[in-house]
Amino acid sequence: MTATTTATASTAPAPAPAELRSAELEHRIAQDPARFRVLTGDRPTGPLHLGHYFGTLRNRVRLQDLGVDVMILIPDYQVLTDRDTAERLGEYTDGLLLDYLALGIDPARSTVFNHSAVPALNQLLLPFLSLVSVAELSRNPTVKDEIAHSRQSAVSGLMLTYPVHQAADILSCKGNVVPVGLDQLPHLELTRTIARRFNERYGNLFPEPDALLSAAPLLLGTDGTKMSKSRANSVPLGATADETARLIKGATTDADRHITYDPENRPNVSSLVLLAALCLERDPHEVAAEIGGGGAAALKRTVTDAVNSHLAPFRARRAEYATDLTYVRSVLRTGNERAGALAERTLEEVREAMGTFR
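What counts as what
- Residues numbered from 1 in each chain as written.
- Predicted model: local features only at pLDDT ≥ 70, side-chain atom pairs only at ≥ 80, totals over all residues.
- Heavy atoms only, no water.
- Helix = DSSP H or I, 4+ residues; strand = E, 2+ residues; numbered from the N terminus.
- Rg over C-alpha atoms; globule rule 2.2 N^0.38 Å.
- Buried < 20%, exposed > 50% of the residue type's maximum accessible area, 1.4 Å probe, protein only.
- Contact = heavy atoms within 4.5 Å.
- Areas by Shrake-Rupley, 256 points an atom, 1.4 Å probe, with all protein chains shown as cover.
- Lys, Arg positive; Asp, Glu negative; His and termini not counted.
- Charge placed at Lys NZ, Arg CZ, Asp CG, Glu CD.
- Expected span 1.5 Å × (residues − 1).
- Arc of directions from axis to C-beta.
- Polar contact = N/O pair within 3.5 Å; in protein donor to acceptor, adjacent residues only side chain to side chain.

## Observations regarding the overall build of the protein
- What the protein contains, in helices and strands, is 15 helices and five strands.
- Against the compact-globule benchmark of 21 Å for 358 residues, the protein has a radius of gyration of 21 Å, which places it among compact chains.
- Counting only residues that meet the buried cut, the protein has 48% of its 358 residues in that class.
- Intrachain contacts of the protein at a sequence separation of at least 6 include 76% that bridge at least 24 residues.
- Put simply, the protein shows about 17000 Å² of open surface, and 52% of that area lies on carbon and sulfur atoms.
- Here the protein contributes 38 positive and 43 negative side-chain charges, whose respective centroids are spaced 2 Å apart.

## Regarding helix 1 (residues 17–31)
- Here helix 1 contains 15 residues, and its C-alpha end-to-end distance of 21 Å stays within 8% of the 21 Å for a straight helix at 1.5 Å per residue.
- For helix 1, every residue scored as buried is listed here: Ala18, Ser22, Leu25 and Ile29. An end-on view of helix 1 places all buried positions within 60 degrees of arc, on one side of the element. In helix 1, the exposed positions that point more than 90 degrees away from the buried face belong to Pro17, Ala30 and Gln31.
- In this structure, the buried side of helix 1 is in contact with helix 2 (50–66), strand 4 (177–180), helix 10 (185–202) and strand 5 (210–213).

## Re the environment of aspartate 169
- For aspartate 169, the position within the fold is in helix 9 (residues 162–172).
- Put simply, aspartate 169 and asparagine 122 are 47 residues apart on the chain and 8.1 Å apart in space, counted from C-alpha to C-alpha.
- Those residues in contact with aspartate 169 that lie beyond four places of it in its chain are Leu39, Leu73, Gln78, His115 and Leu121.
- Side chain to side chain, aspartate 169 and glutamine 78 meet in a polar contact 3.1 Å long.

## Comments concerning unusual backbone geometry
- For lysine 174, which is not glycine, the phi torsion reads 55 degrees and is therefore positive.
- Here lysine 174 is to be found in the loop between helix 9 and strand 4.
- With a phi close to 55 degrees, glutamate 281 is a non-glycine residue in the positive phi region.
- Within the secondary structure, glutamate 281 sits in the loop between helix 12 (267–280) and helix 13 (284–291).
- Judged by relative accessible area, glutamate 281 falls into the exposed class, the value being 63%.

Below, the structure written as structure tokens:
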């Protein structure tokens, strides 16, 4: 599990309904993991970074090791939602596969696949689109945010229908658990709506997937904003030790030489402290207290050493896998075959339920 800070009983806010449901889901998964199928993934738009690692990647391995059926999608078609071309797609896909394998994703227990190799998944988009209105798509807050940050002058139809494509991803394999952050809940709610409307109209076929909320804290990038591939402010998992040191050395801090862990008032310094604490599996307040008056230079040395030490085994495994890309790509081919068979079976059931398949 990801390390988190501890709040006192007097200051901790009451859990929101989504958090309560997620906690109950976590309990049910622990009781009977074989009942659950997780759908998650990463767009192949650049290298995965420390934010991905502590936010989602470690949790996938945890769920896999519990016995949950983990499906990991590389949504290559969705790369086109906010750009005109899918540049360096093959390179980025190989990089994702290397990261997954090096982090502990086991192809015998988890399935890695991509959009373009599973035609039946994409065919589900058409009947699903008939179940939602343009108004529902237009007011989706996550889509609004995607549009606001789009690098295109006009919004494509793929951008607008992105949540429906995501529903097809999840429901094609009848996933019933989706790990998300709070900002992704509207997407998942639309998937639940599509499943419910299809079931009401054509018969009970799809589960209504539940959200498994991440407990991971937000890691800021080197510029003090959210760590993101598109903002060039991240520390890639595949970076060398020297590259990692250079990136952390350039991270934004503040003028106060005494290091403390105070996320509200000192977000940049606190994010670095938290990163070191996560890598060291220690409390961030203790890490900050040890650095004390050492200033930003001592803080960055601590973070650099902690990150490089923590990632050393991962980097060694990644380098080893990189010497055999034939095997690495075979993992994707095998995953595509399994995901394709699941999606084809689902599509046949959809056709039969709708009366379009005889």
